[in-house]
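Below, each chain spelled out in residue letters.
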Amino acid sequence: MDTLSALLMGFISIVLVNNLVLTKFLGICPYLGVSGRIDMAFGMGLAVTFVVTLSGTLTWMIDHWILMTLGLEVTRYVCFILVIAGAVQLVEMYIRRFFPSLYDSFGIFLPLITTNCAILGLCLFLNLWGIDSLLDAVVRSFGAGIGFTMAICIMAGIRENLNMADVPECLKGASITLITAGLLSMAFMGFSGMIR
């Protein structure tokens, strides 16, 4: 398999087959908390895409070029969290400066990207999956962000439509949201096994 098709398969794999939210159940907090409106969900998806792409790329480089060569793999978590926190600070400063209404609507969820387990999970998965090329790490990191954006926007679209639906009183709110999330996860698990 040539390099381009391998990169394409890796991208499709992380977006659909190994989606961090819908098949690995990582990043559920912002997925459920910010998916009430499509505009907020899309904004959060873009923020997470930027952070996960930057963090995944930088942590892969730090891990392969510094930590593994010096035998300091034990410091992975600390290094990865510092890189993620720095990337989130960049996003937070940018959104506060240029999109203040979006910044206010995110509330606590924007700084919580730092502790988003989907981002840390991807940084660790890049090692578990045996990614040995920087370009592959960048493509998969970007794909993880696109997969998160897709999942949160699908969920937001469904939740917006559910607001207009006749949902039984006992299922309104968190109940119908969790049922919807479960159904979406089951749907995406149908891709499982198609691509590694």
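Refer to the structure printed above.
Quick caveat, the model's predicted, so the values are computed rather than measured.

The rules behind the values
Residues numbered from 1 in each chain as written. Predicted model: local features only at pLDDT ≥ 70, side-chain atom pairs only at ≥ 80, totals over all residues. Heavy atoms only, no water. Axes fitted to C-alpha atoms, helices over the stretch in contact; angles between N-to-C directions. Helix = DSSP H or I, 4+ residues; strand = E, 2+ residues; numbered from the N terminus. Parallel < 35°, antiparallel > 145°, perpendicular 65-115°, else oblique. Left-handed = near helix turned anticlockwise from the far one by under 90°. Contact = heavy atoms within 4.5 Å. Nonpolar A, V, L, I, M, F, W, Y, C, P; charged D, E, K, R; others polar. Phe/Tyr/Trp six-rings, centres within 6.5 Å; stacked < 30°, edge-to-face > 60°. Buried < 20%, exposed > 50% of the residue type's maximum accessible area, 1.4 Å probe, protein only. Lys NZ or Arg CZ within 6 Å of the ring centre and 35° of its normal.

Packed helix pairs are specified by the crossing angle of their axes together with the interaxial distance, meaning the distance between the axes. Close contact between helix H7 (residues 134-162) and helix H8 (residues 174-189) brings their axes to 11 Å; oriented N to C, the two are set at 135°. In terms of their interaxial angle, H7 and H8 are classed as oblique. Handedness of the crossing formed by H7 with H8: right-handed. Residues Met-150, Ile-154, Met-155, Ile-158, Arg-159 and Leu-162 of H7 form the contact with H8, whose participating residues are Ile-176, Thr-177, Thr-180, Ala-181, Leu-184 and Phe-188. Its residues assigned to classes, the contact of H7 with H8 comprises 9 nonpolar, 2 polar and 1 charged.

Another point: the packing of aromatic side chains. Across all of its chains, the model carries 5 aromatic pairs by this definition. The interplanar angle of 75° and the centroid separation of 6.0 Å between the aromatic rings of Trp-60 and Trp-65 together place this pair among those described as edge-to-face. Classification of Trp-60 as buried rests on a relative accessible area of 5%. An aromatic cluster of three or more residues is present, and its members are Tyr-94, Phe-98 and Phe-99. In this structure, Arg-97 is placed above the aromatic ring of Phe-98, and the distance from its NZ or CZ to the ring centre is 5.4 Å.

Let us look at the environment of Ala-85. The residue Ala-85 is located in helix H4 (residues 76-98) in this model. The class for Ala-85 is partly exposed, based on a relative accessible area of 23%. With 68 residues separating them in the primary sequence, Ala-85 and Cys-153 have C-alpha atoms 24 Å apart.

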